[in-house]
Amino acid sequence: NAGVTQTPKFQVLKTGQSMTLQCAQDMNHEYMSWYRQDPGMGLRLIHYSVGAGITDQGEVPNGYNVSRSTTEDFPLRLLSAAPSQTSVYFCASSAAGGGGPNYGYTFGSGTRLTVV
Amino acid sequence: GNSVTQMEGPVTLSEEAFLTINCTYTATGYPSLFWYVQYPGEGLQLLLKATKADDKGSNKGFEATYRKETTSFHLEKGSVQVSDSAVYFCALRRKGGSEKLVFGKGMKLTVNP
């Protein structure tokens with residue numbers, strides 16, 4: 001099925017460990033984003049990309065890196081995990097705007113990360 | 001900058017009650033507006049959208065009208081069901097440029113039988 005695939009679904013890390021959250025989409029979408037969801041905070045943008053080779057910081061980028069070497073993939077790297085990064089992470093993708101029905105973002109099912 | 005302010009709740013309603021979730025926005029230009037829904041344990045799903053002033057988005061009995069004069073996009077449903085229990089997010093997306101999606105903080109709705 002077409003959509004956004006995130007792996008893993010659950011992860012427990014120790015403080016200081018590094019890991020990569022994977023995100024892949026098969027809809028040939030130009031735009032991809034990473035959000036974190038915390039209670040009472042809604043969804044906050046971590047990093048986003050408007051196409052392969054182009055990334056930029058969102059609202060809460062510290063402690064995270066991204067790269068976009070292909071249109072399909074947009075991995076999120078935690079460099080040195082901290083308890084403050086305990087959250088649910090969502091990847092989303094969208095076609096570019098400019099008219100038509102392609103304004104919505106499609107979300108993955110999320111990765112629940114706990115840092116102990 | 002661009003921002004979205006919405007009712008945060010949590011809200012508990014009885015089945016068949018009327019639902020309104022207020023949402024107002026601040027944005028340069030004329031953004032597209034969205035309501036997303038998150039059912040327990042799941043990701044976000046697009047519920048409805050409106051891309052220009054006076055547009056009405058509708059889906060699953062929910063409606064919202066893009067009001068430029070009041071910069072609002074309130075979500076309404078005439079008769080809620082237990083299956084509508086979820087978290088609802090209002091969001092905007094500027095057209096052109098990075099087209100990032102900006103969310104409100106979300107509102108948790110519980111509908112009791």
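Being a predicted model, the structure only gives us computed values, none of them experimental. Chains are numbered independently. Their residues run from 1 in the order of the written sequence. Going through the entries in the order they are written, you letter the chains from A and number the ligands from 1. Restriction of local features to residues with pLDDT of at least 70 applies here, the model being predicted, together with a cutoff of 80 or more for giving and counting side-chain atom pairs; totals for whole chains, interfaces and linings are based on all residues. Side-chain measures here rest on the full set of heavy atoms in the structure, leaving out hydrogens and waters.

Colleague: What should I look at first to understand the overall build of chain B in this one?
Modeller: Of regular secondary structure, chain B possesses zero helices and 12 strands. If you list the helices and strands of chain B from N to C, you get β-β-β-β-β-β-β-β-β-β-β-β. Between the two quantities, the radius of gyration covers C-alpha atoms and the globule rule is 2.2 Å times the number of residues to the power 0.38. The C-alpha radius of gyration computed for chain B amounts to 14 Å, which stays within 12% of the reference 13 Å derived for 113 residues, consistent with globular compactness. Projected onto its principal axes, the C-alpha coordinates of chain B cover approximately 45 × 30 × 20 Å. Throughout, a contact is declared for two residues whenever any of their heavy atoms are within 4.5 Å. Considering only contacts within chain B whose residues lie at least 6 apart along the sequence, 56% involve residues at least 24 apart. As displayed, chain B offers around 5300 Å² of accessible surface, 48% of which is attributable to carbon and sulfur atoms. Averaging the coordinates of the 13 positive side-chain charges in chain B and doing the same for the 11 negative ones gives two points 9 Å apart. Helix and strand assignments follow DSSP, with helices taken as H or I runs no shorter than four residues and strands as E runs no shorter than two, numbered in order from the N terminus. Note on areas: Shrake-Rupley with a 1.4 Å probe; residue coverage comes only from the protein chains shown. In summary, the charge assignment counts Lys and Arg as positive and Asp and Glu as negative, without counting His or the chain termini. Positions of charges follow a simple convention, taking NZ of Lys, CZ of Arg, CG of Asp or CD of Glu.

Colleague: Help me understand the packing of aromatic side chains in this model?
Modeller: Given two aromatic rings, one states the distance between the centres and the angle between the planes to describe the pair. Note on ring pairs: Phe, Tyr and Trp rings are taken, using the six-membered ring of Trp, and paired if centres are within 6.5 Å. Classes follow the plane angle, with under 30 degrees stacked, over 60 edge-to-face and the rest tilted. This structure, assessed with the given rule, holds 10 aromatic pairs over all chains. Between Phe107 of chain A and Tyr36 of chain B, the aromatic rings sit 5.4 Å apart at their centres with planes inclined by 75°, giving edge-to-face as the arrangement. Of this pair, Phe107 of chain A sits in strand β10 (residues 106-107) while Tyr36 of chain B sits in strand β5 (residues 32-38), each in a different chain. Partly exposed describes any residue whose relative accessible area lies between the buried limit of under 20% and the exposed limit of over 50%, with all areas from a 1.4 Å probe on protein chains only and scaled to the type maximum. Owing to a relative accessible area of 9%, Phe107 of chain A belongs among the buried residues under this scheme. Using a relative accessible area of 0% as the deciding quantity, one classes Tyr36 of chain B as buried. Considering the side-chain rings of Phe34 of chain B and Tyr36 of chain B, the 6.1 Å spacing of their centres and the 40° angle between planes classify their relative orientation as tilted. Site record: aromatic cluster; members linked through ring pairs are Tyr35 and Phe107 of chain A together with Phe34, Tyr36, Phe89 and Phe103 of chain B. Definition used: whenever NZ (Lys) or CZ (Arg) falls within 6 Å of the ring centre and also within 35 degrees of the ring normal, the charge is taken to sit over that ring. The ring centre of Phe74 of chain A lies 6.0 Å from the NZ or CZ of Arg68 of chain A, which sits over that ring.

Colleague: Would you explain the state of the cysteines in this entry?
Modeller: As used here, a disulfide is simply a covalent bond connecting the sulfur atoms of two cysteines. Put simply, a disulfide is two cysteine sulfurs that come within 2.5 Å. Scanning the entire structure with this criterion turns up two disulfides over all chains. Residue Cys23 of chain A pairs covalently with Cys91 of chain A via a disulfide, S to S 1.9 Å. When the S-S torsion is -70°, as for the bridge of Cys23 of chain A with Cys91 of chain A, the disulfide is left-handed. In this pair, Cys23 of chain A is assigned in strand β3 (residues 19-25) and Cys91 of chain A in strand β9 (residues 87-94), connecting sequence segments 68 residues apart. Assigned by exposure class, Cys23 of chain A and Cys91 of chain A land together as buried. The side chain of Cys23 of chain B participates in a disulfide bridge whose partner is Cys90 of chain B; the two sulfur atoms lie 1.9 Å from each other.

Colleague: I keep staring at unusual backbone geometry and nothing clicks. Help me out?
Modeller: Peptide bonds are mostly trans, and most non-glycine residues show a negative phi. In the segment running from Thr7 of chain A into Pro8 of chain A, the intervening peptide bond is cis, with an omega of -5°. One can find Pro8 of chain A in the loop between β1 (4-7) and β2 (10-13). Not every positive phi belongs to a glycine, and Lys60 of chain B is a case in point at roughly 55°.

Colleague: Before we go on, may I ask you to explain the sheet that holds strand β8 (residues 76-78) of chain A in this structure?
Modeller: Through backbone hydrogen bonds, the strands of a sheet pair up, either in parallel or in antiparallel fashion. All names here are of chain A. Two strands form a pair only when DSSP identifies at least two bridges running between them. The strand order across the open sheet built from four strands is β1-β3-β8-β7, with neighbouring strands paired in antiparallel fashion. The open sheet has two free edges, formed respectively by β1 and β7 (64-66), since each of these has just one partner strand. Going from strand to strand, the sheet's axes swing by 20° on average, the running direction of each strand aside. With four bridges joining them, β1 and β3 adopt antiparallel strand pairing. Bridge pairing in β3 places Val4 opposite Gln25. Helix axes use the C-alpha atoms of the stretch in contact, all axes being lines fitted to C-alpha atoms, and the angles between their N-to-C directions lie in the range 0 to 180 degrees.

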